[in-house]
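Results of the structural survey
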Amino acid sequence: INFMKQYGTVFLNAYTNSPICCPSRAAMWSGLFTHLTESWNNFKGLDPGYVTWMDLMEKHGYHTQKYGKLDYTSGHHSVSNRVEAWTRDVDFLLRQEGRPMVNLTGDKKHVRVMEADWQNTDKALNWIKNEAINLTQPFVLYLGLNLPHPYPSPYAGENFGSSTFVTSPYWLEKVTYEAIKIPKWSSLSEMHPVDYYSSYTKNCTGEFTKQEVRNIRAFYYAMCAETDAMLGEVISALRDTGLLEKTIVIFTADHGELAMEHRQFYKMSMYEGSSHVPLLVMGPGIKKQQQIPNVVSLVDIYPTMLDIARIPVPQNLSGYSLVSLLHGKAVNGVSTKGHRPSWVLSEFHGCNVNSSVYMLRTGKWKYITFSDGYSVLPQLFDLTADPDELTNIAVKFPAMVHSLDKILRSIINYPKVSSSVQEYNKRQFISWKHSLGQNYSNVIANLRWHQDWLKEPEKYENAIDKWLHQSK
């Protein structure tokens, strides 16, 4: 990553359009915002036949190759994930994840911890060395890694969540423990209600020692170091084959990882740890050692890829090409088509959050609003004065909230989107419930939340019935 920073451009304010795997990837591969593709959760992404930027590049003569995690039509999910997303409007609090923990494996010689990612990296390296080098047409290679995503935690039951940070002493030695910042937490009673729901369902409301928090963060950084090594292997393969000086390399992620910031791990949040993503680009024509402060997001990848390949860019996209920024040309903030707007949009409609969430980032402001815009208090952060997002100043700056909300509503009719997600969740749940017949009570009690549910199964079933019978 440092090599890419030195020889290319880094975007300082890049964001996911939805902080969870599948909806985020759907936005990146389609160039469209989440509410337009209706990728509401990890099992509802793009239609399988959707024309991605890679399909278009192939149509225009590029040789295309994909390895590793794609997940833009549907992602990894259990029945639990689905039911948790559908029932998020139900008036109950149940732990849906295992408590986040760490697991040190192997010894100081154990480099390949995430074996599946290394195998996909090997495939990409072999392809570069044996195939790409002999091509007469231009190529586009995609490598999707799972790291630094936390690993599943089998102890949490058959529908376990991904809450174990795993690394080996080899990678952990690369982390400077003293440099790890322990995040500040608000007290549980002061938390925003949606944050409290997230923290509770992610099993993070209990006691954590400073050492536990520091370990989770250290192991996460070690997992990042392992990811970085895979990127290094790809860059080395391009250099060794003489392809590096004529290849554009892009490194990004589908979302971030809170790693115990705001008393949460995982993503599904608009806080920086979760919604902010890395985005680095290097290659011919791309300015070196350039740091771009403009806000950009993953929907910009689609028009950028086409622009690089000189393929006409479709007019209906939510994103804008990054090419002029990459070439070091300033781009004004006028929001006419063809000109990059001065804001980015992110939205979330899945599990571990009990309402649809919308985030508008523009200048130093981050505005977050929920559901219909008035039943849950919004959040406003000044990222210059408060980079850790500890002080919600929405009540203090009503005029700013009003003006940002107006911009947001001009982009998306978010109360309407929230309501269509609620209807979708209800329909999906009812159809799942019917499919189980007599087994329903037993199945729902034994999902990932079984430790909480089985204490008072009747209470929780009643809460669901009440939700199902509420009129719109």
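Residues numbered from 1 in each chain as written. Predicted model: local features only at pLDDT ≥ 70, side-chain atom pairs only at ≥ 80, totals over all residues. Heavy atoms only, no water.

Under an unreviewed UniProt entry, the name given to the protein chain is Arylsulfatase K, and the organism recorded is Melopsittacus undulatus. Database annotation for the protein chain, UniProt heading Function (unreviewed entry): "Catalyzes the hydrolysis of pseudosubstrates such as p-nitrocatechol sulfate and p-nitrophenyl sulfate. Catalyzes the hydrolysis of the 2-sulfate groups of the 2-O-sulfo-D-glucuronate residues of chondroitin sulfate, heparin and heparitin sulfate. Acts selectively on 2-sulfoglucuronate and lacks activity against 2-sulfoiduronate." Quoted straight from UniProt, the Sequence similarities (unreviewed entry) entry for the protein chain says "Belongs to the sulfatase family." (UniProt positions renumbered as here; feature names shortened; annotations may be inferred.)

A volume near 570 Å³ is recorded for the second largest pocket. Asp89, Gln422, Lys426, Trp467 and Gln470 are the residues nearest the centre of the second largest pocket, which is lined by 22 residues in total. The set of elements that each furnish at least two residues to the lining of the second largest pocket consists of helix 8 (193-201) and helix 14 (414-436). When residues of the lining of the second largest pocket are assigned to their parent elements, the largest contribution, six residues, is made by helix 14. Along the lines of polarity and charge, the residues of the lining of the second largest pocket split into five nonpolar, ten polar and seven charged. (1 Å grid on protein atoms, 1.4 Å probe; cavity = no way out; pocket = protein on both sides within 12 Å on 5 of 7 lines; lining within 4 Å. Points joined across faces, edges and corners; volume = space filled by probe spheres on them. Helix = DSSP H or I, 4+ residues; strand = E, 2+ residues; numbered from the N terminus. Nonpolar A, V, L, I, M, F, W, Y, C, P; charged D, E, K, R; others polar.)

Quick look at the packing of helix 5 (residues 79-86) against helix 14 now. It is at 8 Å that the axes of helix 5 and helix 14 come closest, and there the two elements cross at 130°. One element, helix 5, and the other, helix 14, form an angle in the oblique class. The interaxial crossing formed by helix 5 with helix 14 has left-handed handedness. Residues Val79, Val83, Ala85 and Trp86 of helix 5 form the contact with helix 14, whose participating residues are Tyr424, Asn425, Gln428, Phe429 and Trp432. (Axes fitted to C-alpha atoms, helices over the stretch in contact; angles between N-to-C directions. Parallel < 35°, antiparallel > 145°, perpendicular 65-115°, else oblique. Left-handed = near helix turned anticlockwise from the far one by under 90°. Contact = heavy atoms within 4.5 Å.)

Here we come to empty space enclosed by the protein. Across all of its chains, the model carries three cavities of 30 Å³ or more by this definition. One number sums up the size of the largest cavity: a volume of about 110 Å³. Lining the largest cavity we find 13 residues, and of these Val194, Asp195, Ser269, Met270 and Phe370 sit closest to its centre. Elements represented by at least two residues in the lining of the largest cavity include exactly helix 8 and strand 12 (365-370). Sorting elements by how many residues they give to the lining of the largest cavity places helix 8 first, with three residues. Classifying every residue of the lining of the largest cavity gives eight nonpolar, four polar and one charged.

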